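Structural characterization, general
So the chains spell out like this:
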Amino acid sequence: MRIIAGEKRGCRLSAPKGMDTRPTLDRVKESLFGILQFDIASKRVLDLFAGSGGLGLEALSRYAEYAVFCDSSRESIAVVKENIKKLGYENRCRVYPCDWKKAVSDMTARGEKFDIVFLDPPYGAGIAAAAAEALYERGLLNEGFIIALEHDSELPPELSDNFEIYDRRSYGELAAISFIRGKAK
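Here is a short report on the structure shown in this document. Owing to the predicted nature of the structure, the values given are computational and were not obtained by experimental measurement.

Description of unusual backbone geometry
The phi dihedral of serine 42 is positive, around 65°, even though this residue is not glycine. Mapped onto the secondary structure, serine 42 falls in the loop between α1 (26-36) and β1 (44-48).

Printed below as a string of structure tokens:
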């Protein structure tokens, strides 16, 4: 796993061991960032269910202003912190070592707001729509926000009328990314 473009291009990233996380494949990441390439610079990014933090770190390498990472796995959080330090992004990041609901509550209390959200919950857990809705309802999304939601290609997310899927890409039988936008609350 590596950073594929930007100021840290080619830098290798660590990943949590085992099968609990699914690092986004380089070809999927290239496609994802090809779609978002003009939307990243100077933006605030949230990498929810961060795993290794690869998506948020890729955004920072591509000149995002700031990134927040959240994961409930201690091993994932240790890897995210290691990767942040390895890339020298300590002053452009915040890490929430907790479940997504607690992170949403804490981010609300801090007044955080995001332009781009990478949402990659465990497939089949049924929490993607709930997490997106919580971000919207808590006012954590800036006007013109984009959510890149990675999901099982057979189970697209069922979202409320607050959101619109404006693009969807499938990557084989297992993974798809839905690009979502809506109006900030």
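Thoughts on the state of the cysteines
Tallying each qualifying case throughout the model produces 0 disulfides. The thiol of cysteine 70 is unpaired, and the distance to the nearest cysteine sulfur, on cysteine 98, comes to 4.8 Å. We classify cysteine 70 as buried; its relative accessible area is 2%. In this model cysteine 93 remains outside any disulfide bridge; the closest cysteine sulfur is found in cysteine 11, 14 Å from its own. Note on cysteine 93: relative accessible area 14%, which makes it buried.

Some thoughts on the side chain of asparagine 83
Examined against the element boundaries, asparagine 83 turns out to sit in helix α3 (residues 74-87). Other than its neighbours up to four places away in sequence, asparagine 83 contacts Leu13, Ser14, Ser52 and Leu57.

Overview of the side chain of serine 52
Assignment of secondary structure puts serine 52 in the loop between β1 and α2 (54-61). A distance of 3.2 Å separates a polar atom in the side chain of serine 52 from the backbone nitrogen of glycine 54. Once you skip the residues sitting within four places of it in the chain, serine 52 turns out to touch Met1, Ser14, Ala15, Pro16, Leu57, Val79, Val80 and Asn83.

Reading the values: rules and limits
- Residues numbered from 1 in each chain as written.
- Predicted model: local features only at pLDDT ≥ 70, side-chain atom pairs only at ≥ 80, totals over all residues.
- Heavy atoms only, no water.
- Helix = DSSP H or I, 4+ residues; strand = E, 2+ residues; numbered from the N terminus.
- Disulfide = S-S within 2.5 Å.
- Buried < 20%, exposed > 50% of the residue type's maximum accessible area, 1.4 Å probe, protein only.
- Contact = heavy atoms within 4.5 Å.
- Polar contact = N/O pair within 3.5 Å; in protein donor to acceptor, adjacent residues only side chain to side chain.

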